[in-house]
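# Descriptive analysis of the structure
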Amino acid sequence: MKRLLFVFLQFPILFFAQQKVQILDSETHKPIPNARIISNQNVYYSNDDGFILLPENSDKQEISAIGYLSETVKNYKQTISLKPKYQNIDEVKIVSIDIKKILKDVSDNYSKIYYDQPQLYDITIKQRAFENNQMKLLMIADGKFWSKDGCYNAKDAFNDRFDNFVQLQIDDLRYLKSETYENKIKTKKQDTSHDKIGDLFLNYELFRTLSLAKSKKAKTTGKLLEDNETEQDISFLIKLDSTHIYKGRILYNKTDKAITHFDLHFNQSSTKPFPLKDEDGIEYLRQLGDGILSFDYYKNGDKYVPSKIGFVVENLKTFVGDKIYENRSAREIIFKNVEKSTLNGVQTPVKINQAYWQDLKVSNEKGDILLSREEEEFINEKSDIDKD
């Protein structure tokens, strides 16, 4: 096997002059969020408004986004336009495909496809929360992410030894603002730590998705949306019943037999609300929400490493008397670069499954963080304390 090539930045990006690039749809001219640029072995993603901050010394840029044709740009451009792969998915000639076979093959050969040695990443992590479409929390930080082998370890997780296989370190808390929620219900804490940790790993989601697809009541279909020399764009549907429906999409590299993009949409908002009591005994109704899990990977050397993972929950409703509170939350981690690790973790780990930012101090230096217009408006608004 060829030697894996890893790049470790000796100096943070903030020491270089920066240039702002916007990624646009070539036909609608609308901004493309979550477009990825790989330049000088470093990873960047566009924000909700399609903007990316790049170091001035960026040369060859590989740009990609789901649903668009990839582009390679050698010289700096203020705007980069990507062409859609197709006008409308409904108009594409659909070819059936065995999604269960692909999921199983990738799962069975996971360590051969994805880098499976100790690994350390420079990351940017973002948490956002909304109540009734009003932003209530924004946290953005730069730090490090260590993984023992790039996999979720069920045995360690069962024994609450998450630190054995994954650790997170916060170096700079770039932005932090939290507002008071209108909903005063004191929800009893539930043990969701396993899912919160599991959702950081593609192998965990592949196993869970395959288990859903193989269940007796499941009706599973896969459709080939686009096929070229190296890659297949595939959508899939897993239907357990009328209220438990899972939709997903993968990009599959035919040469390496690797999933380079995976997203899973789960629908629970059509389920019936159920009664609960909070810590003070107040009765309320809770309706489960919908969610999206997403993973991006790229080839570094001979194997694949993550470039971004995301998790969004929306349409989560709480009914208190005649009032309805709708919540939405999102977490994303951008893996900016990677190096082979010789350590058994990071120097100052935080509790990755908790609100670790509460005890951290906000840095004056904002690094290469580029806020979206919505985030800027939230940061610049007077806080609840200032209004009082």
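Preceding block: the structure.
About the cut-offs
- Residues numbered from 1 in each chain as written.
- Predicted model: local features only at pLDDT ≥ 70, side-chain atom pairs only at ≥ 80, totals over all residues.
- Heavy atoms only, no water.
- Helix = DSSP H or I, 4+ residues; strand = E, 2+ residues; numbered from the N terminus.
- Rg over C-alpha atoms; globule rule 2.2 N^0.38 Å.
- Buried < 20%, exposed > 50% of the residue type's maximum accessible area, 1.4 Å probe, protein only.
- Contact = heavy atoms within 4.5 Å.
- Areas by Shrake-Rupley, 256 points an atom, 1.4 Å probe, with all protein chains shown as cover.
- Lys, Arg positive; Asp, Glu negative; His and termini not counted.
- Charge placed at Lys NZ, Arg CZ, Asp CG, Glu CD.
- Pairing = 2+ DSSP bridges.
- Salt bridge = Lys/Arg side-chain N within 4 Å of Asp/Glu carboxyl O.
- Axes fitted to C-alpha atoms, helices over the stretch in contact; angles between N-to-C directions.
- Left-handed = near helix turned anticlockwise from the far one by under 90°.
- Nonpolar A, V, L, I, M, F, W, Y, C, P; charged D, E, K, R; others polar.
- Core = buried A, V, L, I, M, F, W, Y, C linked by side-chain atoms within 4.5 Å.

Moving on: the overall build of the protein. If you tally the helices and strands in the protein, you get 7 helices and 20 strands. The C-alpha atoms of the protein give a radius of gyration of 21 Å, which matches the 21 Å a tight globule of 388 residues would have. Buried positions account for 47% of the 388 residues belonging to the protein. The long-range fraction of contacts in the protein, counting pairs at least 24 apart against all pairs at least 6 apart in sequence, stands at 65%. Roughly 21,100 Å² of accessible area belongs to the protein as shown, and the carbon and sulfur atoms make up 48% of that amount. Across the protein, the centroid of the 58 positively charged side chains sits 4 Å from that of the 60 negatively charged ones.

Turning to the pairing of strand β15 (residues 258–267), a few remarks are in order. Taking burial as the measure, the 10 residues of β15 include 8 buried ones, the bulk of the element. Relative to β15, strand β14 (residues 245–253) is paired through 9 bridges, and the arrangement is antiparallel. If you follow Ile245 over to β15, its bridge partner there is Asn267. Between β14 and the antiparallel strand that follows it, β15, lie 4 residues; Lys257 among them carries a positive phi value of about 55°. Strand direction decides the pairing type here: β15 and strand β18 (residues 290–300), joined by 6 bridges, are antiparallel. By the bridge assignment for β18, Asp263 is matched with Ser294.

Our focus in this paragraph is the pattern of salt bridges. With the rule as written, the count across this model stands at 26 salt bridges. For Asp142, the salt bridge goes to Arg174, with nearest N and O atoms at 2.8 Å. On the criterion of sequence distance, the pair formed by Asp142 in strand β10 (residues 134–147) and Arg174 in strand β11 (residues 166–178) is long-range, its members being 32 residues apart. With respect to burial, Asp142 and Arg174 carry one shared label: buried. A salt bridge links Arg249 to Asp233, with the nearest nitrogen and oxygen atoms 3.0 Å apart. Note that Arg249 is positioned in strand β14 and Asp233 in strand β13 (residues 231–239), a separation of 16 residues in sequence.

Strand order across the open sheet formed by 4 strands is β3-β2-β5-β6, with antiparallel pairing between neighbours. The two strands at the open ends of the sheet, each matched to only one other strand, are β3 (42–45) and β6 (71–73). Taking each pair of neighbouring strands and ignoring which way they run, the sheet shows an average axis angle of 25°. In this sheet, β6 lies alongside strand β5 (residues 61–64) in antiparallel orientation, the contact comprising 3 bridges. Pairing of Glu62 across the sheet is with Thr72, part of β6.

Before going further, it helps to examine the packing of helix α1 (residues 99–108) against helix α5 (residues 202–214). Taken N-terminus to C-terminus, the directions of α1 and α5 make an angle of 145°; their axes are 10 Å apart at the nearest point. Our pair here, α1 against α5, has a crossing hand that is left-handed. Residues Lys100, Leu103, Lys104, Val106 and Ser107 of α1 touch α5, and the partners they reach there are Leu206, Thr209, Leu210, Ala213 and Lys214. Within the contact of α1 with α5, the residues separate by chemical class into 5 nonpolar, 2 polar and 3 charged.

The next subject is the nonpolar core. Ranked by size, the top nonpolar core spans 64 residues in total, and within it Tyr114, Ile125, Ile250, Ile259 and Phe262 carry the most contacts. The leading source of residues in this core is α5, at 6 residues. Apart from residues lying up to four places away in sequence, Tyr114 is in contact with Val106, Leu202, Ala258, Ile259, Tyr297, Lys303 and Tyr304. Formed by 14 residues, the second largest nonpolar core is a distinct cluster that contains Val21, Ile23, Tyr44 and Val73.

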